[in-house]
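Residue-level listing of the chains:
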Amino acid sequence: MHWADVVAKELMSKNQRNLISTGITPSGFIHVGSLREAVTARAAYQALKDKDADVGFIYIIDSIDPLRKRYPFLDESYEDQIQRPLSEIPCPCGEHESYVHHFAEPFLEAIGKMGLEPELHWTHQLYAQGKFAEVTDTVIKSKDKVAQILREVTGRDVPSDFFPYTPKCPSCGKYSAGKVLGYEFPYVAYKCHCGHEDRADVRKAEGKMPWRMEWAAKWKLFGVTCEPFGKDHAAAGGSYDTGVRFAREVLMNEPPFPIPYEFVQLKGHGQIHKSTGSSVTGLDALAITPAPVFNYSFLRYNADRHIDYDSGLGVLDVVDEYDKVEAWYYKGGVEERDRDLLRAYELAQPHGPRKGMPLQTPYRHLVQVVQITSSFDMMLEIMKRTEHVTEIKEEDLELLRQRAQCVRFWLDNFAPEEVKFHISPALPTCQLSDGEVRFFREAHAKLLSVEWTGDKIHDLVYECAKVSGVGAKAGFQAMYLIFINKKQGPRLGHFLSTLDRSFVLGRIEETFSPACNLP
Ligand SMILES: [Zn+2]
Ligand SMILES: [Zn+2]
């Protein structure tokens, strides 16, 4: 059984109603791993929905969190913004409501593509609306218990003046590292490190709980029954362990069922975006392959399995596997041990699987076709001819368009040089031997009438190279040279078949011209 169904069964046996929660602190660019959390949460939610369970799905944006440091992508003016709430910091581009919106909006758009349609909550609003007031009051009144739990679970010292609420100072605009002077609901009196003395109203966004407590507070506030999180939080003495005890012993609430997930690591070289110069981000990953493929690449593994994300050649293998599983899904033929992959495929579809099998257009093929055409229509013509498709349905057309866009993005930004080429606009300057010229004449004569398919062309070129005496290797190299000015390239027969026959013949004919054959 797929892990998401195992989780769903467990949750249904425990609760009448379930609520899946996930979220993000969008303080900067989004790591591919953050998307794993989104995929994981959605899979659990979808699995429950598929079983007609009563289930909700919330997404909490930690917008009231402080900026912890000036990240390398921020200019010097952000030095002054450290320890201020993300929702009150200006956005780096000037076009968003705040810093947090600047980073959250593209992320929300991305998870929307992945099929997440959760109820959104921003913590700066939850505090401002007084939603946390009661829990905050409980936590503050139980501060000794809270400190004891922290001490016992983490094994670390907790200072004697520990106070589970940090006021935000209106004078310096920062979370105060000063001294708390007293508490009487709803006011926390304090003296900020800047010298300002004031009181913070816990019914407003005038301060916040430390995040370990805030996490448990969110569970209580919404009634969360299940939440995925990175395995660092699941470690012994980690934040889930403290959360469990805060929930049970302070908030009198049952903590959610955890889905700890392993990290996603960026694999090897080729992970650097060629124009931005930074590592592949979650947004890049969603531009490299369409969302269902991306979702599938995570869902095919158990949550506790480590994943290497490869934005290089590995992309092609992932899409091939996705296509293979898609064919199993619609046509059958899957072996018992791969059965969970069918469910992974199903869960990976943002809007559920289609009724009939989608038209498959292999990525490897598109990688070539995209490089020899300049428009989608040209591409479509070639795909129709080489894939022997006469008519393409509107929804398949959309899939093809999406794939073509992704392939283009990948080629421009992440693909290794070995898969890249471009058709030389004219015959490259080259010196051909007598044997090679013989080979080209021979090939030209036969290409005039051969059936224009990859296999037939391949066999023909191979035969001509042998017969003319140049040998297969040199023959193929000579062919690549006159078309793409490289000694190697995509599978030759297949590649030539995507080109127009008259263009191929014309280019080969040029090799007979003396200009190319200068001594
Ligand atoms: Zn912005
Ligand atoms: Zn201050």
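Residues numbered from 1 in each chain as written. Chains lettered and ligands numbered in written order. Predicted model: local features only at pLDDT ≥ 70, side-chain atom pairs only at ≥ 80, totals over all residues. Heavy atoms only, no water.

Break down helix α14 (residues 363–372) for me, with residues and values.
Three- or four-residue spacings in an α-helix give side chains the same orientation, since the helix completes a turn every 3.6 residues. Along α14, nine of the ten residues are buried, which leaves the element largely enclosed by surrounding structure. Buried residues of α14: Tyr 363, His 365, Leu 366, Val 367, Gln 368, Val 369, Val 370, Gln 371 and Ile 372, and no others. (Buried < 20%, exposed > 50% of the residue type's maximum accessible area, 1.4 Å probe, protein only. Helix = DSSP H or I, 4+ residues; strand = E, 2+ residues; numbered from the N terminus.)

Which residues make up the coordination of the zinc ion (ligand 2), and what values do they have?
Within the protein, Cys 169 (SG), Cys 172 (SG), Cys 192 (SG) and Cys 194 (SG) serve as the donor atoms for the zinc ion (ligand 2), at 2.2 to 2.3 Å. Around the zinc ion (ligand 2), the four donor atoms sit at angles spanning 104 to 118 degrees, and that spread fits a shape best called tetrahedral. (Donors = N, O, S within 2.8 Å, 3.2 Å for Na, K, Ca; no water. Tetrahedral: all angles 85-135°; square planar, octahedral: opposite > 155°, others 65-115°.)

Can you explain the sheet that holds strand β5 (residues 179–184)? Please cite residues and give values.
Spatially, β5-β6-β7 is the arrangement adopted by the three strands of the open sheet, whose pairing is antiparallel. At either margin of the open sheet sits one strand with a lone partner, and together these are β5 and β7 (197–201). Sheet twist, expressed as the mean angle between neighbouring strand axes with direction ignored, is 25 degrees. (Pairing = 2+ DSSP bridges. Axes fitted to C-alpha atoms, helices over the stretch in contact; angles between N-to-C directions.)

Help me get a handle on the environment of Glu 197, residues and values and all.
On the secondary structure map, Glu 197 appears in strand β7. In contact with Glu 197, not counting residues within four places along its chain, are Leu 181, Tyr 190 and Lys 191. (Contact = heavy atoms within 4.5 Å.)

Give a detailed account of empty space enclosed by the protein, specifying residues and quantitative values.
Scanning all chains against the criterion turns up one cavity of 30 Å³ or more. Within this model, the largest cavity holds a volume of roughly 50 Å³. What lines the largest cavity is simply Trp 3, Arg 36, Val 39, Thr 40, Phe 298, Leu 299, Tyr 301, Asn 302 and Ala 303. Secondary-structure elements contributing two or more residues to the lining of the largest cavity are α2 (32–50) and α11 (291–299). Examining the composition of the lining of the largest cavity, we find that three residues originate from one element, α2, more than from any other. (1 Å grid on protein atoms, 1.4 Å probe; cavity = no way out; pocket = protein on both sides within 12 Å on 5 of 7 lines; lining within 4 Å. Points joined across faces, edges and corners; volume = space filled by probe spheres on them.)

All we've got here are geometric facts, nothing functional implied.
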